[in-house]
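# Reading the structure
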Amino acid sequence: MRTNEFFYWLQGYFELSGSTAALTPDQFSCIGRHLALVGADGAVRTSKARSIIEFALDGAMTTEVATARLRAEIHHQFVHVIDPEAGPEAQAKLNEIHAGPGGIPNRPGMRC
């Protein structure tokens with residue numbers, strides 16, 4: 001799995017489920033297994049997500065805090081890496097789609 005694919009996969013869960021609930025330990029484990037599929041070339045970009053998952057699983061961070069931080073990290077990856085790779089026009093369209101009418105662009109939430 002490539003780094004961007006991992007972030008699309010995880011964002012897809014949040015976007016399609018519409019859930020704002022904290023992830024469960026089983027869900028964090030599943031995410032960790034998928035993250036293990038990301039090659040070594042993605043280690044730097046996924047290091048924060050790895051830490052969040054580890055903290056959630058070992059109890060160093062509540063699942064509520066870990067879920068919020070993981071969502072923020074996904075948002076960061078889309079806004080600062082994935083969307084810009086698509087170019088300014090595509091990024092503007094994505095911001096418009098996800099902000100919605102009268103919405104706030106670049107807020108954590110739905111990104112594709």
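One can find the structure itself at the top, above this paragraph.
What this report covers is the structure whose coordinates are included nearby. Everything numeric in this text was worked out from a predicted model, so none of it was measured.

Moving on: the overall build of the protein chain. A count of helical and extended segments in the protein chain gives five helices and zero strands. Listed by position from the N terminus, the elements making up the protein chain come as α-α-α-α-α. For the protein chain, the proportion of its 112 residues judged to be buried stands at 33%. Considering only residue pairs separated by 6 or more positions, the protein chain has 64% of its internal contacts joining residues 24 or more positions apart.

Further remarks concern the nonpolar core. By size, the foremost hydrophobic cluster in this structure holds 19 residues, and its most contacted members are Phe 6, Leu 10, Phe 28, Ile 31 and Leu 70. Broken down by secondary-structure element, the contributors of at least two residues to this core are helix H1 (3-17), helix H2 (25-35), helix H3 (43-58) and helix H4 (63-85). The element that contributes the greatest number of residues to this core is H4, accounting for five residues. Residue contacts for Leu 70: discarding those within four places in its chain leaves Leu 10, Leu 23, Phe 28, Ile 31, Ala 49 and Ile 52.

On inspection of all chains with the given rule, the structure shows four aromatic pairs. Between the aromatic rings of Tyr 8 and Phe 78, the centroid separation amounts to 5.1 Å while the plane-to-plane angle is 85°, which identifies the pairing as edge-to-face. With Tyr 8 in helix H1 and Phe 78 in helix H4, this residue pair connects regions lying 70 residues apart in the sequence. Residue Tyr 8 is classed as partly exposed on the basis of its relative accessible area of 40%. The class for Phe 78 is buried, based on a relative accessible area of 0%. On the numbers, 5.3 Å between centres and 65° between planes, the contact of Tyr 13 with Phe 14 is edge-to-face. On the accessibility criterion, Tyr 13 (33% relative accessible area) is partly exposed. With relative accessibility at 5%, the residue Phe 14 sits in the buried group. Taken together, Phe 6, Phe 7 and Trp 9 form an aromatic cluster joined through their ring pairs.

Turning to H2, a few remarks are in order. Every buried residue belonging to H2 is among Phe 28, Ile 31 and Leu 35, and all of these are buried. For H2, the buried positions fall inside an angular range of 60° around the axis, keeping them on one side. With respect to the buried face of H2, the exposed residues turned more than 90 degrees away are Asp 26 and Arg 33. The secondary structure elements touched by the buried residues of H2 are H1, H3 and H4.

Moving on: the packing of H1 against H2. To describe two helices that pack against each other, one gives the angle between their axes and the distance between the axes. For the pair H1 and H2, the least separation of the axes is 10 Å and the interaxial angle reads 160°. Here H1 lies roughly antiparallel to H2, going by the angle between them. Of the two possible hands of crossing, H1 and H2 adopt the one that is right-handed. Residues Phe 6, Trp 9, Leu 10 and Tyr 13 of H1 lie in contact with H2, whose contacting residues are Gln 27, Cys 30, Ile 31, His 34 and Leu 35. Split by residue class, the contact of H1 with H2 holds seven nonpolar, two polar and no charged.

Rules of the game
Residues numbered from 1 in each chain as written. Predicted model: local features only at pLDDT ≥ 70, side-chain atom pairs only at ≥ 80, totals over all residues. Heavy atoms only, no water. Helix = DSSP H or I, 4+ residues; strand = E, 2+ residues; numbered from the N terminus. Buried < 20%, exposed > 50% of the residue type's maximum accessible area, 1.4 Å probe, protein only. Contact = heavy atoms within 4.5 Å. Core = buried A, V, L, I, M, F, W, Y, C linked by side-chain atoms within 4.5 Å. Phe/Tyr/Trp six-rings, centres within 6.5 Å; stacked < 30°, edge-to-face > 60°. Arc of directions from axis to C-beta. Axes fitted to C-alpha atoms, helices over the stretch in contact; angles between N-to-C directions. Parallel < 35°, antiparallel > 145°, perpendicular 65-115°, else oblique. Left-handed = near helix turned anticlockwise from the far one by under 90°. Nonpolar A, V, L, I, M, F, W, Y, C, P; charged D, E, K, R; others polar.

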